[in-house]
Amino acid sequence: MSIRLENAVTAENEYTAEQPNSEKPPRGHRLNRKKRKLIFIVVMLALPLIQLFIFWFLVNVNTIIMAFQEFDWSSGKYIFNGFDNFIRVFREIGGESAVTRRAVINSVLYFPVTCFISLPLSILFSYFLYKKVPGSAAFRVIFFLPSIIPVAVLTMTFSFSFDATLGFVNPILRALGVDHIPSWFGQYPNNQIMIFAYCIWAGLGTNIVLISGAISRIPVEIMEYSKLEGVSKARELFQIAIPLVWPTISTTFVLGCTSVFTVMMQPLMLTPGSSDTQTIALMIYNGVLNGRNLPYLSAFGLAMSVIGVPIILVIKWAMGKPFADVEY
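Residues numbered from 1 in each chain as written. Predicted model: local features only at pLDDT ≥ 70, side-chain atom pairs only at ≥ 80, totals over all residues. Heavy atoms only, no water.

Turning to the domain arrangement of the protein chain, a few remarks are in order. Parsing the protein chain into structural domains produces domain 1 (2–67) and domain 2 (93–319). Taken together, the 4 residues of domain 1 in the interface contact 5 residues of domain 2. Interface area, domain 1 with domain 2, both sides summed: about 380 Å², of which 80% is carbon and sulfur. At the junction of domain 1 with domain 2, the criterion picks out 0 residue pairs in polar contact (both at pLDDT 80 or more). (Domains from an automatic or database assignment. Contact = heavy atoms within 4.5 Å. Buried area = accessible area lost by both parts, 1.4 Å probe. Polar contact = N/O pair within 3.5 Å; in protein donor to acceptor, adjacent residues only side chain to side chain.)

The structure is reproduced here in structure tokens:
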């Protein structure tokens with residue numbers, strides 16, 4: 001019996017050794033597969049890395065270098081001039097140039113408009129949508145609609161609404177007995193106030209989506225317990241909802257702070273050609289588009305970055321202090 005068992009085991013081992021291993025490919029095939037995978041990864045990453053190197057790294061390095069230069073008309077070349085461009089920037093902000101000073105003031109005003117008007121309204125509307133007030137589904141679409149419509153179409157719709165002949169706002173005001181209707185986009189400060197109103201209206205959608213999404217992730221048990229305890233809606237909002245979604249609110253607040261340096265399309269589309277409503281970004285855009293004094297514009301943008309980045313970082317640090325992050 002033992003001899004027959006040994007012969008069977010030996011025969012099985014010989015048969016297994018003779019059969020080709022279909023599960024493991026040859027070593028050379030494995031190496032070729034690894035090489036093809038590596039080549040695929042390199043090719044897929046090459047284009048974005050090249051674009052990042054050319055359109056971000058080289059552009060920013062060239063901008064920094066140009067900020068310390070000026071164009072020499074006698075030689076037709078750019079020559080280094082030290083900190084002269086930066087001195088001119090701060091002199092014009094200080095009052096030598098009314099246009100530059102106005103652009104900086106307009107840009108700074110976007111900070112309270114975005115962070116202390118638009119953001120609180122977004123929190124309030126998000127909470128009401130979360131509580132499913134009557135018509136909340138329709139309001140959600142209405143609030144989010146400006147976020148998916150192109151800026152050009154949205155600004156055109158907004159400006160046409162206040163047009164003296166085509167708009168519907170002026171006839172409504174006349175029907176209500178308003179005799180003196182202002183020129184909405186004609187003169188400062190009316191045109192600037194209208195841009196702020198547009199930014200509040202158009203900016204609500206994205207904020208509401210972010211904040212309402214964060215509120216909807218709050219465990220239902222917490223809200224049910226607060227309801228059983230007789231917690232009022234105001235207390236539930238300020239003592240439960242806001243602390244739990246504070247990371248989302250703080251991130252939105254920090255992004256709102258960056259609007260000081262990024263707002264450009266709104267004044268460009270609503271008040272084209274007006275120097276009273278210019279912002280920092282729009283002034284740099286117009287200067288580069290017209291090819292006017294690129295070294296000065298580079299110094300202006302670099303100076304605003306040096307001033308703005310530490311302020312944004314301090315605000316980000318301060319926004320993390322009121323409430324601790326809670327995982328749920």
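On to the side chain of T155, then. With respect to the element layout, T155 can be found in helix 6 (residues 151–161). By relative accessible area, T155 is classed as buried at 2%. In this structure the side chain of T155 is engaged in a polar contact, spanning 3.0 Å, whose partner is the backbone oxygen of A152. The residues touching T155, leaving out its near neighbours within four places in the chain, are Y198, M269 and L270. (Helix = DSSP H or I, 4+ residues; strand = E, 2+ residues; numbered from the N terminus. Buried < 20%, exposed > 50% of the residue type's maximum accessible area, 1.4 Å probe, protein only.)

Taking 1.5 Å of rise per residue, 33 residues should cover 48 Å, and helix 4 (residues 98–130) covers 46 Å from first to last C-alpha, within 8% of that figure. The sharpest bend along helix 4 measures roughly 30° and falls at T114. Following helix 4 by one or two positions, K132 has its phi on the positive side, about 55°. (Expected span 1.5 Å × (residues − 1). Bend = angle between axes of the 7 residues up to and from the residue.)

Attention now goes to the environment of L121. Mapping L121 onto the fold places it in helix 4. A relative accessible area of 29% places L121 in the partly exposed class. Linking L121 and L204, residues 83 residues apart in sequence, is a C-alpha distance of 7.6 Å. Once you skip the residues sitting within four places of it in the chain, L121 turns out to touch I200 and L204.

Okay, the pairing of strand 2 (residues 77–80) next. Strand residues, when the strand is regular, have side chains that alternate between the two faces of the sheet. Pairing of strand 1 (residues 69–72) with strand 2, which is carried by 4 bridges, proceeds in the antiparallel orientation. The partner of D72 across the bridge, within strand 2, is K77. (Pairing = 2+ DSSP bridges.)

So, on to the nonpolar core. If you look at the biggest cluster of nonpolar residues, it comprises 23 residues, and the most contacted ones within it are I123, I218, I249 and F253. Every element with two or more residues in this core is listed here: helix 4, helix 8 (190–216), helix 10 (233–244), helix 11 (246–257) and helix 15 (294–319). Not counting residues up to four positions away in its chain, the partners in contact with I249 are L119, I123 and I242. Judged by nonpolar contacts, the second largest core, of 18 residues, contains I181, W184, F185 and I200. (Core = buried A, V, L, I, M, F, W, Y, C linked by side-chain atoms within 4.5 Å.)

Within the structure shown, the criterion is met by 20 aromatic pairs. Seen in terms of ring centroids, F83 and F86 are 6.0 Å apart; in terms of plane orientation they differ by 50°. Their pairing is tilted. Given the relative accessible area of 55%, F83 is considered exposed. Given a relative accessible area of 12%, F86 falls into the buried group. Between Y110 and F196, the aromatic rings sit 4.9 Å apart at their centres with planes inclined by 80°, giving edge-to-face as the arrangement. Of the two residues, Y110 is situated in helix 4 and F196 in helix 8; the sequence distance between them amounts to 86 residues. (Phe/Tyr/Trp six-rings, centres within 6.5 Å; stacked < 30°, edge-to-face > 60°.)

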